[in-house]
Amino acid sequence: MTLYPVADDVLFAPGGRVVIRTYGVASAATEDGATTPVSYRTWVTGVRDQPRYWHWGHFEDACHGHRKVLEWLTGRGPQPATAAA
């Protein structure tokens with residue numbers, strides 16, 4: 001498995017810190033050398049009782065989704081919906 005970092009942010013809140021991390025994940029290449037598709041995810045740690053995991057279909061969606069999650073957590077936007085993979 002290979003991880004491809006997209007974006008990392010840390011917010012400091014009264015209850016502790018919140019980490020927002022977006023990355024791409026790909027399985028190991030097959031024996032014949034074929035590449036595997038990359039799936040993108042955003043993980044949020046440090047937030048209780050809230051969705052903490054989003055899937056994105058493409059790199060551009062992951063970048064935009066990371067910004068949307070950050071806006072939601074800082075109170076500047078609605079909760080983001082997961083993009084179809």
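Residues numbered from 1 in each chain as written. Predicted model: local features only at pLDDT ≥ 70, side-chain atom pairs only at ≥ 80, totals over all residues. Heavy atoms only, no water.

S.K.: Break down the packing of aromatic side chains for me, citing the residues and quoting the values.
M.R.: Counted under the stated rule, the structure contains three aromatic pairs. Arranged with centres 6.1 Å apart and planes meeting at 70°, the rings of Tyr40 and Phe59 form a pair that is edge-to-face. Of the two residues, Tyr40 sits in strand β3 (residues 39-45) while Phe59 sits in helix α1 (residues 59-73), which places them 19 residues apart along the sequence. Among the residues examined, Tyr40 registers a relative accessible area of 13% and is labelled buried. Accessibility expressed as a relative area gives 40% for Phe59, which makes it partly exposed. (Phe/Tyr/Trp six-rings, centres within 6.5 Å; stacked < 30°, edge-to-face > 60°. Helix = DSSP H or I, 4+ residues; strand = E, 2+ residues; numbered from the N terminus. Buried < 20%, exposed > 50% of the residue type's maximum accessible area, 1.4 Å probe, protein only.)

S.K.: Describe the side chain of Thr22, listing the residues and the values that go with them.
M.R.: Within the fold, Thr22 resides in strand β2 (residues 16-26). Under the relative-accessibility criterion, Thr22 is labelled buried at 0%. Discounting chain neighbours no more than four positions away, the residues touching Thr22 are Pro5, Val6, Ala7, Asp8, Arg41, Thr42, Ala62 and His66. (Contact = heavy atoms within 4.5 Å.)

S.K.: Hey, could you go over the pattern of salt bridges for me, with residue numbers and the actual values?
M.R.: Between side chains of opposite charge, a pair can form as their charged atoms come close. What the rule picks out here adds up to two salt bridges. In this structure, Asp8 and Arg21 form a salt bridge, with 3.0 Å as the shortest nitrogen-oxygen distance. Of this pair, Asp8 sits in strand β1 (residues 2-13) while Arg21 sits in strand β2, placing them 13 residues apart in sequence. By relative accessible area, which is 49% here, Asp8 ends up partly exposed. For Arg21, a relative accessible area of 42% translates into the label partly exposed. With a shortest N-O distance of 3.9 Å, Lys68 and Glu71 are connected by a salt bridge. (Salt bridge = Lys/Arg side-chain N within 4 Å of Asp/Glu carboxyl O.)

S.K.: Explain the environment of Gly24 residue by residue, including any values.
M.R.: Tracing the sequence through the fold places Gly24 in strand β2. Once you skip the residues sitting within four places of it in the chain, Gly24 turns out to touch Thr2, Leu3, Tyr4, Val6, Val38, Ser39 and Tyr40.

S.K.: Report on α1, specifying residues and quantitative values.
M.R.: An ideal rise of 1.5 Å per residue puts 21 Å on 15 residues; α1 measures up with 21 Å between its terminal C-alpha atoms. Those residues of α1 not exposed but buried are Ala62, Gly65, His66, Val69, Leu70 and Trp72. Projected down its long axis, α1 carries its buried residues within an arc of 160°, all on one side. Buried residues along α1 sit in contact with β1, β2, β3 and β4 (53-56). Residue Gly75 follows α1 closely and has a positive phi angle near 80°. (Expected span 1.5 Å × (residues − 1). Arc of directions from axis to C-beta.)

No statement about biological role is implied by the geometric values presented.
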